[in-house]
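Spelled out, the chains give:
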Amino acid sequence: MGKCRRAPLLEDNIIEVNNLEYFFGEVKAVDNISFTVREGEIFSFLGPNGAGKSTVINVLTTLLPVQKGRARVAGFDLKTEPEKVRESIGIVFQELTLDRDMTVREILEYHGRLYSMPKAARQERIEELIKLVELEGKRDTLTRHLSGGMKRRLEIARGLMTRPKVLFMDEPTIGLDPQTRIRIWEYVKDINQQGTTIFLTTHYMDEADQLSDRISIIDHGKIIVTGKSWELKNALGEDLIYLETSDNREATESLRQLDSVKGIRDKAKGIVVMVNTDGTYLLPEIIDRLRSGGIRVRAVNLKKPSMDDVFVHYTGRELRDSGAEKGSVAIVRAGRR
Amino acid sequence: MRTGFLTIYWRDMLRFVRFRTLLFASLVQPALWLAFFGIAMSNNFDRVTATLPAFPGVRSVNYLTFIGAGVIAMTTLFTSLFGGTVLLFDKNWGLMRETLSSPIPRIHVIIGIGLSGMTKSFIQASVIMVFGLLLGVQFFEGYTAVQILYSLAGIMVFVGTFSLGFLFLSAAIAITMESPEGMQAVITLLTMPFFFTSNALYPVDSFPPVLRVLSTINPLTHLVSGIRYFAIGSDFSAIGIRYTYTPGEIFISYLALLAFAGIMFLIARWRFSKVTVT
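Criteria and cut-off values
Residues numbered from 1 in each chain as written. Chains lettered and ligands numbered in written order. Predicted model: local features only at pLDDT ≥ 70, side-chain atom pairs only at ≥ 80, totals over all residues. Helix = DSSP H or I, 4+ residues; strand = E, 2+ residues; numbered from the N terminus. Buried ≥ 20, exposed ≤ 12 C-beta atoms within 10 Å, placed from the backbone. Contact = placed C-beta atoms within 7 Å. Nonpolar A, V, L, I, M, F, W, Y, C, P; charged D, E, K, R; others polar. Pairing = 2+ DSSP bridges. Axes fitted to C-alpha atoms, helices over the stretch in contact; angles between N-to-C directions. Domains from an automatic or database assignment. Core = buried A, V, L, I, M, F, W, Y, C linked by C-beta atoms within 7 Å. pLDDT = per-residue confidence, 0-100. Parallel < 35°, antiparallel > 145°, perpendicular 65-115°, else oblique. Left-handed = near helix turned anticlockwise from the far one by under 90°. Expected span 1.5 Å × (residues − 1). Arc of directions from axis to C-beta.

**A few points about the overall build of chain A**
Across its full length, chain A carries 13 helices and 14 strands. Along the first, second and third principal axes, the C-alpha set of chain A runs to 80 × 45 × 40 Å. Every one of the 337 residues in chain A was classed for burial, and the buried ones make up 44%. Here the contacts in chain A between residues at least 6 apart in sequence split such that 69% fall between residues at least 24 apart.

**Some thoughts on the interface of chain A and chain B**
By a widespread convention, an interface's size corresponds to the accessible area lost as its parts come together. Chain A puts 22 residues into the contact, and the matching count from chain B is 21 residues. For the side of chain A that touches chain B, the secondary-structure elements that each account for two or more residues are helix H2 (82-88) and helix H3 (104-114) of chain A. For the side of chain A that touches chain B, the element with the highest residue contribution is H3(A), accounting for 5 residues. Taken together, the residues that form the side of chain A that touches chain B break down as 8 nonpolar, 6 polar and 8 charged.

**Section: the sheet that holds strand E14 (residues 297-303) of chain A**
Residue and element names in this part refer to chain A. Spatial strand order, E12-E13-E11-E14: 4 strands in an open sheet with antiparallel pairing. Taken across any chain shown, the strands that pair with only one partner, and hence form the sheet edges, are strand E12 (261-266) and E14. Along the sheet, successive strands turn relative to each other by an average axial angle of 20°, direction set aside. Taken together, the 5 bridges between E12 and strand E13 (residues 271-275) define a ladder with antiparallel strand orientation. By the bridge assignment for E13, Ile264 is matched with Val273. Where helix H10 (residues 279-292) meets the sheet, it contacts strand E11 (239-245), E13 and E14, and its direction lies at approximately 165° from that of E14.

**A short note on the pairing of strand E9 (residues 214-219) of chain A**
Residues and elements named next belong to chain A. Among the 6 residues that make up E9, 5 are buried, leaving the element largely enclosed by the rest of the structure. Bridge analysis of strand E3 (residues 42-46) against E9 gives 4 bridges, and the strand direction is parallel. Counted as the bridge partner of Phe45 is Ser216 from E9. In the sheet, E9 pairs with strand E10 (residues 222-227) via 5 bridges, with the strands oriented antiparallel. Paired with Ile217 across the strands is Val225, a residue of E10.

**So, the domain arrangement of chain A**
Each assigned domain of chain A is listed with its residue range as follows: domain 1 (13-233) and domain 2 (237-304). Computed from C-alpha atoms alone, the centre-to-centre distance between domain 1 of chain A and domain 2 of chain A is 42 Å.

**Here we look at the nonpolar core**
If you look at the biggest cluster of nonpolar residues, it comprises 82 residues, and the most contacted ones within it are Ala157(A) and Phe168(A). If near-sequence neighbours (up to four positions away) are discounted, Phe168(A) is found in contact with Ile57(A), Leu60(A), Thr61(A), Ile89(A), Ile91(A), Val92(A) and Phe199(A). With 69 residues, the next largest nonpolar core counts Phe139(B), Ala172(B), Ala200(B) and Ala261(B) among its residues.

**What about the environment of Leu32(B)?**
With respect to the element layout, Leu32(B) can be found in helix H2 (residues 20-51). Taking the C-alpha atoms as reference points, Leu32(B) and Phe131(B), 99 residues apart in sequence, are found 9.5 Å from one another.

**What to know about the confidence of the model for chain A**
Residue and element names in this part refer to chain A. Looking at chain A, pLDDT values average 86 and 91% of them are 70 or higher. In the model of chain A, helix H13 (residues 329-334) stands out as the element of lowest mean pLDDT, 36, in contrast to H3, which has the highest, 95. Here residues 1-10 scores under 50 on pLDDT; set against residues more than four positions off or in separate chains, the count is 12 contacts. Across residues 321-337 the pLDDT falls below 50, and counting only partners more than four positions away or on other chains, this stretch makes 16 contacts in the model.

**Some thoughts on the packing of helix H5 (residues 148-160) of chain A against helix H6 (residues 178-193) of chain A**
All names here are of chain A. Relative to each other, H5 and H6 sit at 15°, their axes nearing to 10 Å. Taken as axis vectors, H5 and H6 run roughly parallel relative to one another. The two elements H5 and H6 meet at a crossing, and its hand is right-handed. When H5 is examined against H6, the residues Gly149, Arg152, Arg153, Ile156 and Leu160 are found in contact with a partner set consisting of Thr180, Arg183, Ile184, Tyr187 and Ile191. For the contact of H5 with H6, a count of residues per class yields 5 nonpolar, 2 polar and 3 charged.

**So, the pairing of strand E1 (residues 13-24) of chain A**
Residues and elements named next belong to chain A. Pairing analysis gives 8 bridges linking E1 to strand E2 (residues 27-38), with the strands arranged antiparallel. The residue of E2 that forms the bridge with Leu20 is Ile33. Between E1 and E2, which pair antiparallel in sequence order, lie 2 residues; one of them, Gly25, sits at a positive phi of approximately 60°. Two elements, E1 and strand E4 (residues 68-73), share 5 bridges in a ladder whose sense is antiparallel. Of the residues in E4, the one forming a bridge with Asn18 is Arg70.

**Overview of helix H4 (residues 119-132) of chain A**
Residues and elements named next belong to chain A. With 14 residues, H4 extends 20 Å between its outermost C-alpha atoms, agreeing within 8% with the 20 Å of an ideal straight helix rising 1.5 Å per residue. The set of residues buried in H4 consists of Ile126, Leu129 and Ile130. On an axial view of H4, the arc spanned by its buried residues comes to 100°, and they lie on one face. Of the residues in H4, the exposed ones pointing more than 90 degrees away from the buried face are Ala120, Ala121, Glu124 and Lys131. Packing partners of the buried residues in H4 comprise H3 and H5. Just past H4, the residue Glu134 takes up positive phi, approximately 55°.

**Here's the deal with the packing of helix H1 (residues 4-18) of chain B against helix H6 (residues 106-135) of chain B**
All names here are of chain B. Viewed as axis vectors pointing N to C, H1 and H6 meet at an angle of 40°, and their least axial separation amounts to 7 Å. Classified by the angle between their axes, H1 and H6 sit oblique to one another. In this structure, the crossing between H1 and H6 has a hand that is right-handed. In this structure, H1 uses Gly4, Phe5, Thr7, Ile8, Tyr9, Asp12, Met13 and Phe16 to contact H6, whose residues at the interface are His108, Val109, Ile111, Gly112, Ile113, Leu115, Ser116, Thr119 and Lys120. Among the residues forming the contact of H1 with H6, the class breakdown is 9 nonpolar, 6 polar and 2 charged.

**What about the environment of Thr76(B)?**
Among the structural elements, Thr76(B) can be located in helix H3 (residues 63-82). In this structure, the C-alpha to C-alpha distance between Thr76(B) and Leu164(B), residues 88 residues apart in sequence, is 9.9 Å.

Structure (structure tokens):
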């Protein structure tokens, strides 16, 4: 899967969240969340818009207060030592937050100064980072003249300016084209391999899947399930078989009796059969069984479970449908932007 | 090390000098005021003044000199009141998140913006004085070099304190408002009473009592008095009215400006402590 599998540097928790809750007035945006992130890993919050991902990140980065619950980042309590937390973290915000009227160098310079980096260290780090994100030719270009991908890279560089222990990334590739996204992923993996823990939120399945060591699926302000990508997928079985038949209900009844069938889910026009054996060998058997029961099979598809399937399995809905849901926090909060 | 405000200052000045058109406009605009309004009104007022009896032994100055101080004060007022706008844009465009999630205390943002606004006011005041002298403003007449330096220092202390007060007010408004249009409206509304109840353009001696009270508590009046005291002198006449300032009065005017700046600072600090930017 092209993912770097490496042992964490330390088996220590760099983020610890216990029973965190957050309200926007009456709306509960974060509902009793607890999780830990180990030092050196890439940890993702995967969920639809309005699930509460950004709120959690805003609390963990001290932009919103801890209303209820406890949270520690880089060994410091968010409530009692927010300044210490600020000094230990880097942030890449969801929307672009670059001053259009400053140059690439100035953006990094400003950030270094905000964190009281000494001049020499600042200069050195700026050069290092400009090289890392390949903006060498753009040092003195105003950020208004950069492409979307370049801006994103600059923001990542800025997040790394102070060599943070944890880098928070809120939807790092939102609105970017596919090639640019893949490049950003490469940077994120590089940075992680150099020792920075990464906490990211995303509503892209592939992003969570490709990048993360561990994923939490979050919906309606709650964590629904947490695990490694393959663990989450394996929970659905080894293969997924999609069938459209002349009688889907009948087919479901019949296939449930097979030992190797873990579960069956209804789709709009067909059914998805989760199997815990090699589907390529089971499929002919299934078709024979249905045919002998008088059920005609119209369409077949066999695939490995994807993150999309995992998401649907745990939340009971497609990720792309959920954004427009009435009363979700995304709607309530949209007015503030 | 607590020098975070210097970072805020650095960024704001960087933007100020980067935009040549804006920089140029901000310097030329007050000079134009002096050139057009000043010279036009000057001809009218000076003709009226010529018919009035002079005060024997008292130096009489022309109207252009009289409003020279007023134009400096007015420019400082406008520039400072709009000086906080950058914070509104930073807030609305998400740029402020970077600053507020950094270890810099919020108070440094206020101080940094205050100091950069003050610097801009110093530059503008200097430009107006130079331009005014060229147009025939009778500032520093008969002063020795040492006296000129002393007067300049006095003017800058007054302008600086005054501008800080209004910058803090502007910052407090900017961080509270949601839209630039709203901010524009509030500031325009504010400038009117400050401007027209002051002694910047005309004498306040013949104001009705209510306006006179307003004029006395108006920081702009105190700034104008300070500038006139340092630039023209402690005893002069203009538009047929004799002006005398004692050092004590000027000191009290300065205390008034200081108190104003202090109160505005507290208000700005309070508004900043309330704001959440996500």
